[in-house]
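Close look at the chain arrangement
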Amino acid sequence: GRSREKLQRVVERAALKLGRPTLPSEVGIIICDITNPASLDEMAKQAAVVLNCVGPYRFYGEPVVKACIENGTSCIDICGEPQFLELMYWKYHEKAAEKGSYIIGSSGFDSIPADLGVIYTRNKMNGTLTAVESFLTLHSGPEGLCIHDGTWKSAVYGFADQSNLKKLRNESNLKPVPIVGSKLKRRWPISYCRELNSYSIPFLGSDVSVVRRTQRYLFENLEQSPVQYAAYMTVGGITSVIKLMFAGLFFLFFVKFGIGRQLLIKFPWLFSFGYFSKQGPTQKQIDAASFTLTFFGQGYGPGFSPEKNKPNMRICTQVKGPEAGYVATSIAMVQAAMTLLNDISDLPKTGGVFTPGAAFSRTKLIDRLNQRGIEFSVISSSEV
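Residues numbered from 1 in each chain as written. Predicted model: local features only at pLDDT ≥ 70, side-chain atom pairs only at ≥ 80, totals over all residues. Heavy atoms only, no water.

Digging into a nonpolar patch on the surface
A cluster of nonpolar side chains, contributed by Phe253, Phe257, Ile259, Leu263, Phe267, Trp269 and Leu270, occupies part of the molecular surface with about 760 Å² of accessible area. Mapped by element, the contributors of at least two residues to the nonpolar patch are α12 (258–266) and α13 (268–271). With respect to the helices, strands and loops of the structure, Leu263 is situated in helix α12. Note on Leu263: relative accessible area 31%, which makes it partly exposed. (Patch = residues over 30% accessible without salt bridge, like charges linked within 9 Å, V, L, I, M, F, W, Y side chains within 5 Å. Areas by Shrake-Rupley, 256 points an atom, 1.4 Å probe, with all protein chains shown as cover. Salt bridge = Lys/Arg side-chain N within 4 Å of Asp/Glu carboxyl O. Helix = DSSP H or I, 4+ residues; strand = E, 2+ residues; numbered from the N terminus. Buried < 20%, exposed > 50% of the residue type's maximum accessible area, 1.4 Å probe, protein only.)

The following block contains the structure:
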C-alpha cells in the first residue's frame, strides 16, 4: 500500500486479534502507489500472487493488472464492477496468457458464491442442468445491516457509465451461447418467491455478468452444456419493497447528472436509507450478519432430450456463509489465492484473464470454502 504508517497499524491490529505478538516482525511491508508504475513493478517482482483490494477498480485497478502481467505475476481482486472485469479481459487476456499470469477478478462475495454455486449445482444434478435462478438473502443481527460506501461509489459510477458497458459488449461481437432446453423467463422487477416466502428484486451486482462469462468459457473450452442464469435478492415484506422502490428511484434519477452523483457520493447514508455509510459496519454488526444464496435449478434427466420436452428435473442448492462484505469476501479471496498456488495442475493450461468459475471449476476451491465456513449444500433434488 501507499502509507507505511497505516500498513504498520494494520499489522499491529492483526497481531492483536490473532494473539501473535511477533507478527509485525514476520510480515514485510512493501510501499507502492498506482501513480508510480515503477513501485508497482517492484511489488509485482516480489510476489507470486497479488491480492488487490483497492476499489473502485475503474479508477485504481488497471495499473496493478498491468504491472502483474508485465512481471509474470498472478493477481486476484474482489471487484464487482462488470465494466472493469470485462474490459480487463479484452485488453489483457492474450498478454496474460503469453506471460503465464492468471488474472482472476470478482473473487470475493462478488462473485465466488454465485459463480461456483452454479457449477456446484450442475455437478450435483443427475442429468443436464439448463437454467438456474439464485436468490440472495442477507441476515442481520439486532443492530441491522450496514455496508461501506466504497461499494456504493462503485455502484454510482457503474450505473452512470452503463452506455460504455453496452458499447464494449457490442464491439466485442461475441457469438451468442446456445440456449439448451426451455428459455428461462425473466421475473418482474418486483416478484414474490413462494419457496422463500419473500418478495424479491433483481440482484444488481456483477453475478450475472460473471456467471455468463464462465458459462461461455466452459462451453467454448470444455464443451460443457451452458446454463442460463438469473440473480435476485429477497427483500422481505411489502414495507421493505416500498422503501427500496423509493431508494431505487432516487438513485436512478440522481445518477444521471454530475451534481446528482456528487450528492449520492457525499451523502450515502441519506440516499440509501441508512444501508451504506462512510464508516461501514461496526464489529457487532459484522459478527451478527450472514448470507444465504439459494439456487433453484431445472434441467433434463439422463436420456431425456431437451429439444422438444419441458424440463423434468429440479434441484435446489444453497451457499451459506458469514457476513458478506468483509468476512466471506476475505475467506473467498484468500482461498482463491491458496487454490491458485496449490492446485496449479487443475487450472486452465495457460494464464489469462479469467472469472473464478473459469479458473477454478476443476480445482478443490469448493472443498476449501466448505472447511472455512462458506458452505455449499444440496437442499433437494427431484424428478418432476
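Here we look at the UniProt feature "transmembrane region" (unreviewed entry) in the protein
Mapped onto the present numbering, the UniProt feature "transmembrane region" (unreviewed entry) falls on residues 229–255. As annotated, residues 229–255 has a helix share of 63% and a strand share of 30%, and its two end C-alpha atoms lie 27 Å apart. (UniProt positions renumbered as here; feature names shortened; annotations may be inferred.)

Re the nonpolar core
The biggest cluster of nonpolar side chains holds 47 residues, and the ones touching the most others in it are Phe291 and Ile374. Take this core: its biggest share by element is eight residues, from helix α15 (residues 324–342). The residues touching Ile374, leaving out its near neighbours within four places in the chain, are Phe291, Val319, Lys320, Gly321, Pro322, Ala328, Ile331, Ala332 and Leu369. Listed in part, the 20 residues of the second largest apolar core include Tyr57, Cys75, Ala96 and Val353. (Core = buried A, V, L, I, M, F, W, Y, C linked by side-chain atoms within 4.5 Å. Contact = heavy atoms within 4.5 Å.)

Overview of the packing of aromatic side chains
In total, this model carries 19 aromatic pairs according to the counting rule given. Geometrically, the ring pair formed by Tyr217 and Phe354 is edge-to-face, given 5.9 Å between the ring centres and 85 degrees between the ring planes. Taken together, the residues Tyr217 in helix α10 (residues 207–222) and Phe354 in strand β12 (residues 352–354) connect sequence positions 137 residues apart. Comparing Tyr217 with Phe354, the two get one shared label, buried. Look at Phe250 and Phe254: their rings are 6.2 Å apart centre to centre, the planes differ by 45 degrees, and that puts the pair in the tilted class. A residue pair is termed a helical-turn pair when its members lie 3 or 4 positions apart in one helix, as Phe250 and Phe254 do in helix α11 (residues 238–254) at four residues. (Phe/Tyr/Trp six-rings, centres within 6.5 Å; stacked < 30°, edge-to-face > 60°.)

A few points about the pattern of salt bridges
Under the counting rule described, the total for this entry stands at ten salt bridges. The salt bridge partner of Glu26 is Arg20, with a shortest N-O separation of 2.9 Å. With a relative accessible area of 45%, Glu26 lands in the partly exposed category. Note that Lys284 and Glu143 form a salt bridge whose closest N and O atoms lie 3.9 Å from each other. Residue Lys284 is located in helix α14 (residues 283–288), and its partner Glu143 is located in the loop between β4 (128–139) and β5 (147–148); the two are separated by 141 residues in the primary sequence. A relative accessible area of 60% places Lys284 in the exposed class. Under the relative-accessibility criterion, Glu143 is labelled partly exposed at 44%.

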